[in-house]
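# Fold and contact review
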Amino acid sequence: LLDQALNLYMLLHILLEWTHDPKLDGVMERLRGREFFMNLMGVVEVARGNRIEKVYFRKPSSCDISPAARRQFLDDIPRDSPAAKIAGFFNNSTELLFELEFCQQARQDLDWLLPLAPPHVSNKKLRGVLSYLFPRLRRIIVTHLPVRGVHFMEDCSLVVAFLINAFLLTIEHGYKCVYISNGEDPSCLAVSTVILRLGAIWLGALQLCLTLAVCGLVLVYEIPVLIHRQQHRKHRDCAIHRASLDSTYTTIIGSLWQFRYLKWKHLLWYSWYPFLALTSLLALVWSPLFSAPHLLGISRRSAILQSVIQSITTNGTSLLLTAILGMVVIYLFSVIGYVIFPEDFKDNQGELLCHTLRECFVIAVMRGIRQGGGLGDLLQITSWDDPQHILRMLFDFVFFALVIVILLNIIFGIIIDTFAELRGKRLEIE
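Just so we're clear, the structure is a prediction, and the values are computed from it rather than from any experiment.

Reading the values: the criteria
Residues numbered from 1 in each chain as written. Predicted model: local features only at pLDDT ≥ 70, side-chain atom pairs only at ≥ 80, totals over all residues. Heavy atoms only, no water. Core = buried A, V, L, I, M, F, W, Y, C linked by side-chain atoms within 4.5 Å. Buried < 20%, exposed > 50% of the residue type's maximum accessible area, 1.4 Å probe, protein only. Helix = DSSP H or I, 4+ residues; strand = E, 2+ residues; numbered from the N terminus. Contact = heavy atoms within 4.5 Å. pLDDT = per-residue confidence, 0-100. Polar contact = N/O pair within 3.5 Å; in protein donor to acceptor, adjacent residues only side chain to side chain. Salt bridge = Lys/Arg side-chain N within 4 Å of Asp/Glu carboxyl O. 1 Å grid on protein atoms, 1.4 Å probe; cavity = no way out; pocket = protein on both sides within 12 Å on 5 of 7 lines; lining within 4 Å. Points joined across faces, edges and corners; volume = space filled by probe spheres on them. Nonpolar A, V, L, I, M, F, W, Y, C, P; charged D, E, K, R; others polar. Phe/Tyr/Trp six-rings, centres within 6.5 Å; stacked < 30°, edge-to-face > 60°. Axes fitted to C-alpha atoms, helices over the stretch in contact; angles between N-to-C directions. Left-handed = near helix turned anticlockwise from the far one by under 90°. Expected span 1.5 Å × (residues − 1). Parallel < 35°, antiparallel > 145°, perpendicular 65-115°, else oblique.

A few words now on the nonpolar core. One finds V150, V214, V218, Y221, Y270 and Y273 to be the most contacted residues of the largest nonpolar core, which totals 23 residues. Put simply, the parts of the chain that give this core at least two residues each are α5 (82–113), α6 (124–170), α8 (191–235) and α11 (272–285). Broken down by element, this core gets its largest block of residues, ten residues, from α8. F333, L353, C360 and L379 belong to the second-largest nonpolar core, a separate cluster that totals 19 residues.

This is the structure we're talking about:
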């Protein structure tokens, strides 16, 4: 009956858009449950030549997806032509529907697992507060934990990491008093040091709990969806379509052993979470300085920073080959320097730095690249009376031109062009 009533409402809505009849508009205004039907009705605008056609449909019961899934869906759709967009939309819609159904089933399981009533307490005021807060907190957990739980926990863990490192930066002698001194130093008896001791312990424990919660949520809610997406893409060309989601939530989680469908980049991406759990444990039991790697999580929370990282990893092969070529060129210059003028490899105290070919190569790589003028700024300056002066000038100039000017700028150019291309794609998608 609800579907029939919604279809009738959509028919009246379409007739009103076409006719603009004031009588029909009055009927629609007085219609009971209009807001309810409006919330159930969805619309898609389809461009056909110079016309825009609207297609009305009933919204699915589970239409809430994570921001990462929405961004992934938009990024995977090809934009070469209108036909490619439509084909990509329908090809990726199967994966999106699975995630919607998976999220809905996760909510149902959470609704079944969580208790319906708060624990009984004897205090009347506390019982009243629990009766007011518990159903609201339960509804928030059931609604948002499968979709936004990972992002919320990551944000909380990042905030805790900022607080821990702020303690280490701002409180004088704090780290030494808490983890090195045995209380013999009078400065360790200051109130700020006591605050640091307690804050580091409690914040470290909170960070460990948040990180373990993030790992659990990723394993339960994100990994199964990613495995299904990779299975679907692998078998898409074989005409194997997605089966209906008729299994229970536990059987879906039981498919986690199929990690063979994940690519190395997925394993590398999700290995970040076990690494955070390990550093959180070390920060709690050993030293809060292990909370510093958690600050790198800011790069995973920003699309711009992810584009910066992708500008390096996307063309990793080109960068690696260019770097290998640079090492070969530097090695050739090291051979020339070792054979012709090794006595010019001296530091400011006049000590010889190039006793072997290996030492010449290491000096050329580690210190020659960091010099603004290349090896010429590192080696001893020769006089015009030196018979090798012209050869040294040529050696210094060619090293500067090949390594400092050409090879390093090629590497920088690859990174900058890749970042500009990724930013252009992002702007096009948005």
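That was the structure; now back to the text.
The next thing to look at is the side chain of S334. Within the secondary structure, S334 sits in helix α13 (residues 316–340). Note on S334: relative accessible area 1%, which makes it buried. When residues no more than four places from it in sequence are discounted, the contact partners of S334 are L357, C360, F361 and A364.

In this model, the chain carries a mean pLDDT of 76, and residues with pLDDT of at least 70 account for 82%. For the stretch residues 239–253, pLDDT sits under 50, and the model shows 26 contacts to residues farther than four places along the chain or on other chains.

A few words now on the side chain of T322. By the element assignment, T322 lies in helix α13. A polar atom in the side chain of T322 sits 2.7 Å from the backbone oxygen of S318. Aside from chain neighbours lying at most four places away, what touches T322 is L407, I410, I411 and I414.

The next point concerns the pattern of salt bridges. For the structure shown, the criterion picks out one salt bridge. The salt bridge partner of R392 is D396, with a shortest N-O separation of 2.9 Å. Taken together, the residues span about one helical turn, with R392 and D396 both in helix α15 (residues 389–429) at a distance of four residues. Just as R392 is buried, D396 falls in that class too.

Our next topic: empty space enclosed by the protein. If a probe as big as a water molecule is rolled over the atoms, it shows which places are left empty. Evaluation of the coordinates by the stated rule reveals two cavities of 30 Å³ or more. What lines the largest cavity is a set of 13 residues, among which E154, S157, W272, L276 and G297 lie closest to the centre. At the level of secondary structure, the elements contributing two or more residues to the lining of the largest cavity comprise α6, α8 and α11. Among the elements that take part in the lining of the largest cavity, α6 stands out by supplying four residues, more than any other. Grouping the constituent residues of the lining of the largest cavity by class yields five nonpolar, four polar and four charged.

Now for the packing of aromatic side chains. Scanning the entire structure with this criterion turns up seven aromatic pairs. Between F333 and F399, the ring centres sit 5.2 Å apart and the planes meet at 90°, which makes this aromatic pair edge-to-face. With F333 in helix α13 and F399 in helix α15, this pair connects stretches of sequence that are 66 residues apart. A relative accessible area of 0% places F399 in the buried class.

Moving on to the environment of F345. Its location among the elements puts F345 in the loop between α13 and α14 (357–368). Note on F345: relative accessible area 2%, which makes it buried. Expressed as a C-alpha distance, the spacing of F345 and L379, which sit 34 residues apart in the sequence, is 5.2 Å.

At their nearest, the axes of helix α1 (residues 2–19) and helix α2 (residues 22–30) sit 9 Å apart, and the two run at 145° to each other. Remark: the crossing between α1 and α2 carries left-handed chirality. Residue-level inspection shows Y9, L12, H13, L15, L16 and T19 of α1 in contact with α2, the latter providing L24, D25 and M28. Residue classes in the contact of α1 with α2 are distributed as six nonpolar, two polar and one charged.

Along the chain, G204 falls in helix α8. Considered as a pair, G204 and L284 are 80 residues apart in the sequence and their alpha carbons are 5.0 Å apart. Once residues within four sequence positions are removed from consideration, G204 is found in contact with I164, G199 and L284.

With that settled, the discussion passes to α11. For α11, which comprises 14 residues, the first-to-last C-alpha distance of 20 Å matches the rise-based estimate of 20 Å (1.5 Å per residue) to within 8%. If you check which residues of α11 are buried, you get W272, Y273, L276, A277, T279, S280 and A283.

What follows concerns the environment of G368. Its location among the elements puts G368 in helix α14. Between the C-alpha atoms of G368 and I404, which are 36 residues apart in sequence, the distance is 9.1 Å. Non-local contacts of G368, meaning those with residues more than four positions away in its chain, are made with I363, G374, L375, L378, F399 and I404.

The next thing to look at is the packing of α13 against α14. Helix packing geometry: the angle between the two helix axes and the distance between the axes. Remark: α13 packs on α14, axes separated minimally by 9 Å, with the N-to-C direction vectors making an angle of 130°. The orientation of α13 with respect to α14, classified from their angle, is oblique. Here α13 runs over α14; the crossing is right-handed. Contacts between α13 and α14 involve M327, I330, Y331, S334, V335 and Y338 from the first element and L357, C360, F361, A364 and V365 from the second. Taken together, the residues that form the contact of α13 with α14 break down as ten nonpolar, one polar and no charged.

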